[in-house]
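The primary structure of each chain is shown beneath.
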Amino acid sequence: RADGWRPPAGWRPLERFDDTLDGALVRVIPDRDEFQRLCERPAPGAVEAVEWCDDMEAMCGRHYAIEAVYSNSCGYELTKSDTDDTFAVPFDA
């Protein structure tokens, strides 16, 4: 990346969509602009994008359990525990 952001030591992004991860713990990337960009385009192998909403910004850098798997968008449903709002997030975010 041009801005020099690197993931923390020991943290690895998912390299491909895995539909068997229901219930797994994942971490959303901390970079808000990159997170938005990834949500607004179809993930690799996806038919559609998951879409972005400004409320998703608070998810950056946090850990979530996968609540559901979405094959069309190659994404996962994550729930914000403080509000119980659910958001679809692409596997590579």
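Position numbers for residues count from 1 along each chain, tracking the sequence in the order it is written. Per-residue local features of the predicted model are confined to residues with pLDDT of at least 70, and side-chain atom pairs are confined, for both listing and counting, to 80 or more; whole-chain, interface and lining totals are unaffected and use all residues. The side-chain values count all of the structure's non-hydrogen atoms but skip hydrogen atoms and water molecules.

Enquirer: I'm lost on the packing of aromatic side chains in this one. Help?
Expert: Each aromatic ring pair is characterised by the separation of its centres together with the angle its planes make. Put simply, two rings from Phe, Tyr or Trp (the six-membered ring, in Trp's case) pair if the centres are within 6.5 Å, and we call them stacked under 30 degrees between planes, edge-to-face over 60, tilted for the rest. Per the counting criterion, the structure on display carries two aromatic pairs. When the centroid spacing of 5.5 Å and the interplanar angle of 25 degrees are considered together, the rings of Phe-17 and Tyr-76 count as stacked. A residue pair is termed long-range when its members are at least 10 positions apart, and Phe-17 in the segment before strand 1 (25–27) and Tyr-76 in strand 3 (residues 75–79) qualify at 59 residues. Remark: exposure states derive from per-residue accessible area (1.4 Å probe, protein chains only) relative to the maximum for the residue type, with buried under 20%, exposed over 50%, and partly exposed in between. In this structure Tyr-76 comes out as buried when scored by relative accessible area, which is 3%. With centroids separated by 5.3 Å and ring planes inclined at 90 degrees, the aromatic side chains of Phe-35 and Trp-52 adopt a geometry described as edge-to-face. With Phe-35 in helix 1 (residues 32–40) and Trp-52 in the loop between helix 1 and strand 2 (63–70), this residue pair connects regions lying 17 residues apart in the sequence. Secondary structure counts use DSSP, requiring at least four H or I residues in a row for a helix and at least two E residues in a row for a strand, with both numbered from the N terminus.

Enquirer: Looking at this model, I keep getting lost on the nonpolar core. Mind explaining?
Expert: One broad trend across soluble globular proteins is that nonpolar side chains are buried collectively. Counting residues in hydrophobic clusters, the biggest one holds 23 residues, and the most contacted among them are Phe-35, Met-56, Met-59, Leu-78 and Val-89. Listing elements by their share of this core, those giving two or more residues are helix 1, strand 2, strand 3 and strand 4 (86–90). Ranked by residues supplied to this core, first place goes to helix 1 with three residues. The term nonpolar core refers to a set of buried residues drawn from Ala, Val, Leu, Ile, Met, Phe, Trp, Tyr and Cys, joined through side-chain atoms within 4.5 Å.

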